[in-house]
Amino acid sequence: MNISGIVKGEPKGMFRIGYPGPKHQNIKKLGDWTTSKGNYHTWLEDPETSKIYDPTPMNSNPFDNHMDYHVSKIDKSKKFYKEFPPNISSYHEKHIKDRILNEVIIPNSKLGRTFSHILDENYDKYQKRACYFNCLVFKSKNPHLKIVFGAMGYWCMDEYKGYVCLRWGC
């Protein structure tokens, strides 16, 4: 589950993946993070080694949902992960914890099912677009890992080299 292909560095700028492409978008600077609900990604990090683990399956074609390869020119082999500052992370963490409490824990407790049972039941059954839940499932068997909220995307090629095309967190 260790993620390969992570290329660290500070980008010249960032833009949201998809159409319209960077020529039609405002290029964001590192630190221009959003508090739009659901616009984040979570992964796990080993505090001792800084290794990143990302149990959430990405679409095999990152350009689906009107994502345009010819505009964004991303290099799928070069991934970018950047942790949000604490105030942005805590905003997203509170929102998702409330959702899990109301949509998963409370309804299942009425059926006599514990949250730890749900996590065990879902181990190795990671779902697209459920990054925080996937991290909770993976962390249940790897408690030393830390859940991280932030942006995830891909480094660009060609005329956008040095820029990051964000899939989440923009």
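Refer to the structure presented above.
Residues numbered from 1 in each chain as written. Predicted model: local features only at pLDDT ≥ 70, side-chain atom pairs only at ≥ 80, totals over all residues. Heavy atoms only, no water.

Undergrad: Report on the layout of surface pockets, specifying residues and quantitative values.
TA: The computed volume of the largest pocket comes to approximately 580 Å³. Listed by contribution, the elements that provide at least two residues to the lining of the largest pocket are helix H2 (86–109), helix H4 (131–141) and strand S6 (163–168). It is H2 that provides the largest number of residues to the lining of the largest pocket, a total of six residues. Of the residues belonging to the lining of the largest pocket, the class tally is eleven nonpolar, eight polar and five charged. (1 Å grid on protein atoms, 1.4 Å probe; cavity = no way out; pocket = protein on both sides within 12 Å on 5 of 7 lines; lining within 4 Å. Points joined across faces, edges and corners; volume = space filled by probe spheres on them. Helix = DSSP H or I, 4+ residues; strand = E, 2+ residues; numbered from the N terminus. Nonpolar A, V, L, I, M, F, W, Y, C, P; charged D, E, K, R; others polar.)

Undergrad: If you had to explain the nonpolar core to someone new, which residues and values would you point to?
TA: Within the largest apolar cluster, 30 residues are counted, with the highest numbers of intra-cluster contacts made by Trp33, Leu44, Phe84, Tyr132, Ile147, Phe149 and Leu166. Ignoring any residue separated from it by four or fewer positions in sequence, one finds leucine 166 in contact with Met14, Phe15, Arg16, Ile17, Trp33, Phe80, Ala151, Met152 and Gly153. Listed in part, the twelve residues of the second largest apolar core include Ile52, Ile74, Tyr81 and Tyr160. (Core = buried A, V, L, I, M, F, W, Y, C linked by side-chain atoms within 4.5 Å. Buried < 20%, exposed > 50% of the residue type's maximum accessible area, 1.4 Å probe, protein only. Contact = heavy atoms within 4.5 Å.)

Undergrad: If you had to explain the side chain of histidine 41 to someone new, which residues and values would you point to?
TA: The residue histidine 41 is located in strand S2 (residues 41–45) in this model. Judged by relative accessible area, which is 1%, histidine 41 ranks as buried. A polar side-chain atom of histidine 41 sits 2.8 Å from a polar atom in the side chain of aspartate 54. If we skip the residues at most four places from it in the chain, histidine 41 touches Asp54, Thr56, Met58, Tyr81, Cys131, Val148, Phe149, Gly150, Met152 and Trp168. (Polar contact = N/O pair within 3.5 Å; in protein donor to acceptor, adjacent residues only side chain to side chain.)

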